[in-house]
Amino acid sequence: MVDVLFTHSYFLRFDPKEHRAMMPYPPLGTLYAAAAVRRRGYSAALFDSMLAGSEEEIVPSLASHRPRVVVIYDDDFNYLTKMCLSRMRTAAFRMAASARAAGCTVVVHGSDPVDHLEEYFAHDADYVICGEGETTLCELLDFLLRGTGDRALISGLAFMEGAAARVTPARPVMKNLDALAFPAWDLVDIEQYRTVWRRRHGYFSVNMVTTRGCPFHCNWCAKPIYGQVYNTRSPENVVDEMLALRATVRPEHLWFCDDIFGLTPGWVKRFSEEVVSRNAVIPFKCLARVDLLLKENTVEHLRRAGCSTIWVGAESGSQKILDAMEKGTTVEQIYEARKRLKAAGIRVGFFLQYGYPGETRDDIDLTLRMVRECRPDDIGISVSYPLPGTKFYDTVRQSLGDKQNWVDSEDLDLMFPGEYAPDFYRALHRMTHKRLRLLQGWDALRAVAVAPWRITPRRLRAIAASGYHAVTLPGLHARMNRLARVR
């Protein structure tokens, strides 16, 4: 019997695009919460839904662990969780029902529960944790399991009081992140993840985080957990965890899943020096802003620290759209950051966003031009997605219909009246990918023609795929033009 059974609502199987990609990461935020609870003196177990087949698989865990409390604690660091996908909400409801049937108190934490309190309470949740969760959860467990304190005095908590939901005052976020216990990795079936990664990708990657929050003002970005703040761990503390992971989990690659990596002035330099001096280099990918990459010799420090891939929020090749988003970056900075990263041998991914209000076909063409000229190694494409708590959501709120969340991450439904119909953007999504893959195939063919000894499996795959893309692109482009006439 354990005090707390943790789980989370993200099932890779229910997200077709991500299931095809098969790059699963354990629920880092959940593991932080479990570590905090154990430090408080409570026992904990984990039902990890990431690689599970269905919500019903929680039932054997409930039977074997016999928890007093079930905590559906979504991973605040997983951008897929932040998307508040409706299929995962359904999964949370079904697991909550199973937990309630087993006689457990049900606690829920995450972005989606904060936005839909009444729905979660109507589906067997007893408590919803609002905001940063570790301290609130520990105080709630003291109340539930030790009978100490008063739930009404616990900051950052929501519960039903009579027929209405009561929400206590917000809890200030933690500033000293070095004081946190390292995530409870021992609760994870690491070998299951290792097998999946090595079979599909040839290496094993795990996730870490060095910060919490983001201080920038992109007006489509929801921040229901940490708000408009940013706190960071010390480079020394981060490297301590890297070395601990190397000794226990044995990853061959890391994903630093911060909203922005290395924002604090001088942090990346100190991190690089610490990694090198302590022989802690592990290849990693991270997310960064293009303007920050152009400061303080940041790219070189990242290279020395082991950075192999950086994803940047390019969003659009139109300065008009970047300004409308309040992104705070320029198209010129995107080009320059790509140039510097390529020179340093660091792969680059562009996040792109289509369909923002005011975007015309000319703006779309500027984005396609940016992709053609910058030649990122990969792209991730979305359409503008209004989430509660954002300025963008407030702008389009009155025009939203009944559907206000995507079902899964490739839904790509433009849920407000846009310049074009949703199917246009779905076709544009495919065309942008195909154009980039075709360009990459041509580049690979030229490279092999000039230096045949430099042929690699990746270049061979790019060359082979380019033929298919060359044949299918014209038809897709014609379809997109037809769809452009549909509003």
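The model shown is predicted, which means the values in this text are computed figures rather than measured ones.

Reading the values: the criteria
- The numbers attached to residues start from 1 for each chain and follow its sequence in the written order.
- With pLDDT at 70 or above as the cut-off, local features in this predicted model cover only qualifying residues; side-chain atom pairs require 80 or more to be listed or tallied, and sums for whole chains, interfaces and linings still use all residues.
- To obtain the side-chain values, all non-hydrogen atoms of the structure were used and water was disregarded.
- In DSSP terms, a helix is any run of H or I states spanning at least four residues, a strand is any run of E spanning at least two, and both are numbered starting from the N terminus.
- Between Lys or Arg on one side and Asp or Glu on the other, a salt bridge is scored when a side-chain nitrogen of the former is within 4 Å of a carboxyl oxygen of the latter.
- Working definition: with a 1.4 Å probe on protein chains only, accessible area under 20% of the residue-type maximum means buried, over 50% means exposed, and in between means partly exposed.
- Here, patches come from residues exposed beyond 30% relative accessible area and free of salt bridges, joined within 9 Å for like charges and within 5 Å for nonpolar side chains (Val, Leu, Ile, Met, Phe, Trp, Tyr).
- Only the protein chains shown count as cover for residues, and the accessible areas themselves come from Shrake-Rupley with a 1.4 Å probe.
- Only four residue types enter the tally: Lys and Arg on the positive side, Asp and Glu on the negative side; His and the chain ends are excluded.
- A single reference atom marks each charge: NZ on Lys, CZ on Arg, CG on Asp, CD on Glu.
- One bridge is not enough; two strands pair if DSSP finds at least two bridges between them.
- Contacts: residue pairs with any heavy atoms within 4.5 Å of one another.

A. Highlighting unusual backbone geometry. One non-glycine residue, Asp124, lies in the positive phi region at around 80°. Even without glycine at this site, Glu315 takes up a positive phi of about 70°. On the secondary structure map, Glu315 appears in strand S13 (residues 307–315).

B. Spatial organisation of the pattern of salt bridges. Within this structure, the stated rule accounts for 39 salt bridges. Between Arg270 and Glu236 there is a salt bridge whose closest N-O contact spans 3.5 Å. Of this pair, Arg270 sits in helix H11 (residues 267–277) while Glu236 sits in helix H10 (residues 235–248), and the two are 34 residues apart along the sequence. By relative accessible area, which is 32% here, Glu236 ends up partly exposed. Lys391 is paired through a salt bridge with Glu326; the nearest N and O atoms lie 3.1 Å apart. Taken together, the residues Lys391 in helix H17 (residues 391–396) and Glu326 in the loop between helix H14 (319–324) and helix H15 (331–343) connect sequence positions 65 residues apart.

C. The arrangement of a positive patch on the surface in detail. Taken together, Arg430, Arg479, Arg482 and Arg485 make up a surface patch of like positive charges. The residue Arg430 is located in helix H18 (residues 422–450) in this model. You can call Arg430 partly exposed: its relative accessible area is 45%.

D. Highlighting the pairing of strand S7 (residues 164–167). Here strand S6 (residues 157–161) runs beside S7; their pairing, made up of four bridges, is antiparallel. For Ala158, the partnering residue across the bridge sits in S7 and is Val167. The antiparallel pairing of S6 with S7 creates a hairpin that spans two residues between the two strands, and Gly162 there sits at a positive phi of about 70°.

E. Examining the environment of Tyr393 more closely. Within the secondary structure layout, Tyr393 lies in helix H17. You can call Tyr393 buried: its relative accessible area is 9%. In the structure, Tyr393 is positioned 110 residues away from Pro283 in sequence and 37 Å away in space, judged by C-alpha atoms. Leaving out residues up to four positions away in the same chain, Tyr393 has contacts with Pro386, Leu387, Pro388, Leu400 and Gln404.

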